[in-house]
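# Working through the structure, step by step
The residues making up each chain are set out below.
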Amino acid sequence: MAEIADIEALRQRVRERPLPRHVAIIMDGNGRWAEARGLPRVAGHREGSLSVRAVTREARKLGLDALTLYALSVQNLARPPEEVKALMELLAEFLDSERAEILDNDIRLEAIGDLDRLPGFVRQRLDAVRAASAGNRGMVLTLALSYDGREELVQAARRAAGKHGPAGIDAAALAGELWTAGLPELDLLVRTSGERRISNFLLWQCAYAELCFVDTLWPDFRERELLLALCDYQGRERRFGLTGAQVQRAPRE
Ligand code: FPP
C-alpha cells in the first residue's frame, strides 16, 4: 500500500511539470538479472517483457507521444541460437498478448531496423499489429528490432542523395529519411543496468536528447523507475546550445 501511495505521489509530481514528448530506452541487464538468481538468461528476457508492458502502460497513462524501445540489435542476433530463438518467441508472445491492449489504448505500433532478418512468425504478427493500429493517435510505440544506428544513417544518406543529390542534402532532408521520420524529436534516452553507452542506438536522434543512466536492471525497471527517470529529466535545464539566461527568457516548448 505504501508502495502504491508512493507511485501515485510520484505520478502526480511528474504530471505537474512538462513531460518529454519522446522517450527511448535501451533495455539492458536481462541476462545479469537472471544470472543473479541462478536462472537461464531467457528467464531475464521473459521478466523483461513484463517491464515492457508495465512501462508502455505507464507511458500511455502519462500521455507521452512516443516511446521507443531497443529490443534487439543486429549484433544481438549473433548470440547463441537458443537465446535468439527464445527472444523471437517472446516477441511473438508479446505481440499476441498485447495486441488488444495496444488497440484499445489508441497506441500505434511501429518497428524500426532490418525487419527482413526477423523470422516469418514474428514478422507476420508485427505486420498485423502495425496494420491494425495504423490509425491510432494516442502514442507511438516503436520497437527497434534487428536495429543498427549506423546502418540507419547509411541508408538515410543513400535515399537522401537519390532524392536531392549529394549537395542538396541538409539536416532536414537526412532526418526525413531516417526510420524514425515522423516521430517527435527525441527528448530523453534512458539506459538501464549501469552501463553508460549509447551502443549504436538512435545516433542522430540523440543529438539534443537528455541522457539518463540508471543502475536498475531492465526486469526491475517498472512504473516507479520510469517515473523517477522522468523526474530526473524534469529537473534538468535544456539549453540547446544557448545560455541559461537566454533559455529562461524564451523557454522552448
Ligand atoms: C539486453 O539485456 C536485452 C536484450 C538483448 C533483449 C531485450 C528483450 C526484452 C526486454 C524482452 C522482449 C522484448 C519485447 C519487446 C517484448 P542483456 O541480455 O544484454 O543483459 P546482460 O547485459 O545483463 O547480459
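Going by the structure above, here's the rest.
This text gives an overview of the structure that appears in the document. Just so you know, these numbers come straight off a predicted model, no measurement behind them.

### Digging into the nonpolar core
- Ile25, Leu67, Leu145 and Val190 are the most contacted members of the largest nonpolar core, which has 47 residues in total.
- Top contributing element to this core by residue count: helix H4 (residues 81-104), with eight residues.
- Those residues in contact with Leu67, other than ones at most four positions away along the chain, are His22, Val23, Ile25, Val55, Thr56, Ala59, Met139, Val140, Leu141 and Thr142.

### Concerning the site of the ligand
- By nearness alone, 17 residues border the ligand, and Asp28, Gly31, Arg32, Arg41 and Arg79 come closest of all.
- Asn30 is positioned with one of its backbone polar atoms (N or O) 3.2 Å from an oxygen atom of the ligand.
- Between the ligand and Gly31 there is a distance of 3.1 Å, counted from an oxygen atom to a backbone nitrogen or oxygen.
- Protein chains shield 92% of the accessible area of the ligand, which is 620 Å² for the free molecule.
- For the shell around the ligand, the secondary structure elements donating two or more residues are helix H2 (30-35), helix H3 (41-62) and H4.
- Per element, the largest residue contribution to the shell around the ligand is four residues, and it comes from H3.
- Residue composition of the shell around the ligand, by class: six nonpolar, seven polar and four charged.

### As for the packing of H3 against helix H8 (residues 223-234)
- In contact at an axis separation of 8 Å, H3 and H8 are set at 50° when each is read in the N-to-C sense. Here H3 lies oblique to H8, going by the angle between them. Like other packed secondary-structure pairs, H3 and H8 cross with a definite hand, here right-handed. The segment H3 lies against H8, with Ala54, Val55, Glu58, Ala59 and Leu62 engaging Glu223, Leu226, Leu227 and Leu230.
- Its residues placed into classes, the contact of H3 with H8 shows seven nonpolar, no polar and two charged.

### With respect to the packing of aromatic side chains
- Within this structure, the stated rule accounts for six aromatic pairs.
- A ring pair is formed by Tyr147 and Phe201, whose centres lie 5.5 Å apart and whose planes are at 85°; its orientation type is edge-to-face. Taken together, the residues span a long stretch of sequence, with Tyr147 in the loop between strand S4 (139-144) and helix H6 (149-164) and Phe201 in the loop between strand S5 (188-191) and strand S6 (210-213) at a distance of 54 residues. The burial state of Tyr147 is the same as that of Phe201; both residues are buried.
- Three or more aromatic residues joined by ring pairs form one cluster here, namely Tyr70, Tyr147, Trp179 and Phe201.

### A closer look at unusual backbone geometry
- At Ser193, a position not held by glycine, the phi torsion is positive, near 85°.
- Mapped onto the fold, Ser193 is located in the loop between S5 and S6.
- The buried category is assigned to Ser193, whose relative accessible area is 7%.
- Positive phi outside glycine occurs at Ser199, with the angle close to 50°.

### Overview of the side chain of Asn136
- Inspection of the secondary structure puts Asn136 in the loop between helix H5 (120-133) and S4.
- A relative accessible area of 14% means that Asn136 is categorised as buried.
- Each residue touching Asn136, except ones within four places of it in the same chain, is listed here: Ile102, Leu103, Asp106, Ile107 and Arg108.

### Digging into the pairing of S4
- Burial of S4 is extensive: six of the six residues sit out of reach of the surface.
- Sheet analysis places strand S2 (residues 66-70) next to S4, joined by five bridges and oriented parallel. Residue Thr68 lies in a different strand from S4, and its bridge partner there is Thr142.
- Once the chain exits strand S3 (residues 107-112) it traverses H5 before rejoining the sheet at S4, and the crossover so formed is left-handed.

Cut-offs and rules
Residues numbered from 1 in each chain as written. Predicted model: local features only at pLDDT ≥ 70, side-chain atom pairs only at ≥ 80, totals over all residues. Heavy atoms only, no water. Core = buried A, V, L, I, M, F, W, Y, C linked by side-chain atoms within 4.5 Å. Buried < 20%, exposed > 50% of the residue type's maximum accessible area, 1.4 Å probe, protein only. Helix = DSSP H or I, 4+ residues; strand = E, 2+ residues; numbered from the N terminus. Contact = heavy atoms within 4.5 Å. Near = heavy atom within 4 Å. Polar contact = N/O pair within 3.5 Å; in protein donor to acceptor, adjacent residues only side chain to side chain. Areas by Shrake-Rupley, 256 points an atom, 1.4 Å probe, with all protein chains shown as cover. Nonpolar A, V, L, I, M, F, W, Y, C, P; charged D, E, K, R; others polar. Axes fitted to C-alpha atoms, helices over the stretch in contact; angles between N-to-C directions. Parallel < 35°, antiparallel > 145°, perpendicular 65-115°, else oblique. Left-handed = near helix turned anticlockwise from the far one by under 90°. Phe/Tyr/Trp six-rings, centres within 6.5 Å; stacked < 30°, edge-to-face > 60°. Pairing = 2+ DSSP bridges. Right-handed = clockwise from strand over helix to strand, strands pointing away.

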